[in-house]
Amino acid sequence: MITCLIVTAAALILLIIAVFFITCALSDADVKLIYKSKFGKQLDSLRGKVVWITGASSGIGESIAYYLAKAGCKLVLSARRKDELDRVKTACLDFGKGKISSEDILVLPLDIVNYGSHESAVQQVIEYFKKIDILVNNAGRSQRAAWMDVQLSVDRELFETNVLGQVSLTRAVLPHMISRKEGHIALMSSLAGIMGVPDSRSYTGSKHALHGYFNALRTEMSEHKIHVTTICPGPTFSNLFIHAATATTGEKLGREMESKEKRMSTDRCAYLSCVAIANQVYETWLVQQPILFLVYINQYIPDLAKWITTQFGAEKIKKMREGK
């Protein structure tokens, strides 16, 4: 009898492992998120929520706005370029036709590194919508340059944009959420925030720091019923390279991504990000194979992951990162 139970349990464990690996092999996100996308809360569950999106004028932030508009969310669109935000608002009204009106979208130009403007921006949103349910910290900047070539001023610049900007705006929003005893902070990080990525020291360092700040926040805010979701995309099509930093302060990479590169589409990344927000997941990874397997190894067998990446070498890792 005992032997039979042991065999049955072993068979069940092997079946679960097999299902996991098969699902993982066919997925472009961690298995938990794929499960949530099929059986968890759908985007319509966010209908009526007030969602503030930074970096909403292009790329992933713009596409997130379209999905949330379609779900019936009330939106605050922020970035530096008002004309582009107005364009996104018009498109959002088309996506959300029948669910939202022009009054349900507030265009709020914001420079994420102008920390002194954050509290007044929060007040404008609260005065307009009376509440903030979700803050999506999407504003950020990438970088490409060899480690030894980077000026220290570039590190400061990336930290101000990718870390301190998110921390400052979140700090300004939190008192409102704490007083309501509910809220949700989502941040667009990167797989560079959990793994070492060559030729992007400032970007990688800033994303690692972002995880540290917001992992601490998640722990502190649990008693206030405020959720924190960290979204970690891998190679994704966007306009990120146009404004990406290099080794020198004030210089931009200024190039487009190539259509032949193996990357997740902006639309797919935005959809999966919204699924993560709707289901209030702690952290999620959005990336195609074979990088997804490497991320799992990095999470659960970190020494093996470090050995693999050093054996691959920087050039191989860079090619994987660039979708080549």
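Scoring rules and cut-offs
Residue positions are given per chain, counting from 1 as you read along its sequence in written order. Where totals are concerned, whole chains, interfaces and linings use all residues; where local detail is concerned, this predicted model gives features only for residues with pLDDT of at least 70, and gives and counts side-chain atom pairs only at 80 or more. Where side-chain values are given, they derive from all heavy atoms of the structure, hydrogens and water being excluded. Only residues whose relative accessible area exceeds 30% and that form no salt bridge enter a patch; like-charged residues are grouped when within 9 Å of one another, and nonpolar side chains (Val, Leu, Ile, Met, Phe, Trp, Tyr) when within 5 Å. Shrake-Rupley sampling with a 1.4 Å probe provides the accessible areas, and residues are treated as covered by the protein chains on show and by no other component. What makes a salt bridge here is a side-chain nitrogen of Lys or Arg within 4 Å of a carboxyl oxygen of Asp or Glu, nothing more. Only DSSP runs of H or I reaching four residues or more are called helices, and only runs of E reaching two or more are called strands; each is numbered from the N terminus. Using a 1.4 Å probe on the protein chains alone, a residue whose accessible area is under 20% of its type maximum counts as buried, one over 50% counts as exposed, and one in between counts as partly exposed. Axis definition: a line fitted to C-alpha atoms, limited for helices to the stretch in contact. Angles are taken between N-to-C directions and run from 0 to 180 degrees. The scheme is simple: roughly parallel for angles under 35 degrees, roughly antiparallel for over 145, roughly perpendicular for 65 to 115, oblique for anything else. For this analysis, residues touch if any pair of their heavy atoms sits within 4.5 Å. Under the grouping applied here, Gly and all other residues not named as nonpolar or charged are polar, the nonpolar ones being Ala, Val, Leu, Ile, Met, Phe, Trp, Tyr, Cys and Pro and the charged ones Asp, Glu, Lys and Arg. For two strands to count as paired, DSSP must find a minimum of two bridges between them. Two kinds of site are reported from a 1 Å grid over the protein atoms alone, namely cavities, where a 1.4 Å probe fits but cannot get out, and pockets, open sets with protein on both sides within 12 Å along at least five of seven lines, and residues are called lining when an atom falls within 4 Å of a point. Grid points are joined across faces, edges and corners, and a volume is the space filled by probe spheres set on the points.

*Asks:* How would you sum up a nonpolar patch on the surface? Please name residues and give values.
*Replies:* A surface patch of nonpolar side chains, about 470 Å² in accessible area, is lined by Tyr 300, Ile 301, Leu 304 and Trp 307. By the element assignment, Trp 307 lies in helix α10 (residues 302–312). Looking at Trp 307, the relative accessible area reads 53%, which means it is exposed.

*Asks:* Lay out the packing of helix α9 (residues 291–300) against α10 with the relevant residues and their values.
*Replies:* The geometry of α9 relative to α10 is characterised by a closest axis approach of 5 Å and an angle of 135 degrees between their N-to-C directions. Considering the angle they form, α9 stands oblique to α10. Contact with α9, carried on its side by Leu 294, Ile 297, Asn 298, Gln 299 and Tyr 300, involves Pro 302, Leu 304, Ala 305, Ile 308 and Thr 309 of α10 and no other residues of that element. Along the lines of polarity and charge, the residues of the contact of α9 with α10 split into seven nonpolar, three polar and no charged.

*Asks:* Explain the sheet that holds strand β4 (residues 134–137) to me, using residue names and the numbers behind them.
*Replies:* Read from one edge of the open sheet, seven strands run β3-β2-β1-β4-β5-β6-β7, paired in parallel fashion. In the strand order of this sheet, the two ends are held by β3 (105–107) and β7 (283–286), each with one partner. Between one strand axis and the next, the sheet turns by 15 degrees as a mean value, whatever way the strands run. Here strand β5 (residues 183–188) runs beside strand β6 (residues 226–233); their pairing, made up of six bridges, is parallel. For Ala 186, the partnering residue across the bridge sits in β6 and is Thr 229. Where helix α6 (residues 152–180) meets the sheet, it contacts β1 (50–54), β4, β5 and β6, and its direction lies at approximately 175 degrees from that of β4.

*Asks:* So what about the environment of Thr 219? Which residues, and what values?
*Replies:* Counting through the fold element by element, Thr 219 comes out in helix α7 (residues 201–221). Separated by 60 residues in sequence, Thr 219 and Phe 159 have C-alpha atoms that sit 22 Å apart.

*Asks:* Which residues make up the layout of surface pockets, and what values go with them?
*Replies:* Here the second largest pocket defines a volume of roughly 230 Å³. Taken together, 15 residues make up the lining of the second largest pocket; nearest its centre are Leu 46, Lys 49, Ile 134, His 184 and Gln 280. Of all the elements in the fold, those that place two or more residues in the lining of the second largest pocket are β5 and α8 (266–278). Grouping the amino acids of the lining of the second largest pocket by side-chain chemistry returns four nonpolar, five polar and six charged.

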